Amino acid sequence: MITVTGTVHSALEPARAFDYLSAFEHTPEWDPGTPVVNKLSEGPVAVGHRYHAEAEFRGKRQALTYEVIELKANRITLRGENKSVISVDTIDVSPAGTGSEVKYTAEFQLKGWLKIAEPFVRPAFRSLAGPAMDGIKKTLDSLAAS
């Protein structure tokens, strides 16, 4: 398994930060590695809601279907899958001073024969964290200023 994690602090209050980030369809606004996310379920975010996402990895787009598998007041976990990978993404938002702290963790499990390539692709997966975390901070701070 490949684990990618990052933490950012934002001036945006925790409830607003979580409301924004838990609406997974906003992901293309802050994650350059995920340019497409379409909500497939109606209504407010809830366990069982599904999304179609397209992630860019090593110059290719990969379609994944995500499902919300956990939703708490400050935490959401989504599980995405396609023919080559299972991705479990968790976003935790907690108070930090007058703003919030956001911890994002993505765990990738390669399927089939791709498992043997894990040591070689691990750096490519880990390189996704920086731009995504920068995007979260920039977007949340922008929302705090508005």
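Quick look at the structure, then. Chains are numbered independently. Their residues run from 1 in the order of the written sequence. Residues qualify for local features only when their pLDDT is at least 70, as the model is predicted, and side-chain atom pairs are given and counted only at 80 or more; totals for whole chains, interfaces and linings, by contrast, use all residues. Think of the side-chain values as coming from all heavy atoms in the structure, minus any hydrogens and water.

## Quick look at the environment of Ala106
When you line up the elements, Ala106 lands in strand E7 (residues 99-110). Taking relative accessible area as the criterion, Ala106 reaches 6% and is therefore assigned buried. Between the C-alpha atoms of Ala106 and Arg126, which are 20 residues apart in sequence, the distance is 9.6 Å. Beyond its immediate chain neighbours, meaning those up to four positions away, Ala106 contacts Ile2, Thr3, Val4, Val88 and Asp89. In this description a helix means any DSSP run of H or I spanning at least four residues, a strand means any run of E spanning at least two, and both kinds are numbered starting from the N terminus. For the exposure calls, accessible area comes from a 1.4 Å probe over protein chains only, and a residue counts as buried if that area is under 20% of its type's maximum, exposed if over 50%, partly exposed in between. Every residue pair with non-hydrogen atoms within 4.5 Å of one another is taken to be in contact.

## Describing the side chain of Asn82
With respect to the helices and strands, Asn82 occurs in the loop between strand E5 (75-81) and strand E6 (85-96). Each polar contact in these results corresponds to two N or O atoms within 3.5 Å; when the atoms are within protein, one needs to be able to donate a hydrogen and the other to accept it, and residues that are neighboring in sequence are counted only if both atoms are side-chain atoms. A distance of 2.8 Å separates a polar side-chain atom of Asn82 from the backbone nitrogen of Ser84. If sequence neighbours within four positions are ignored, Asn82 has contacts with Gln62, Ala63, Leu64 and Lys111.

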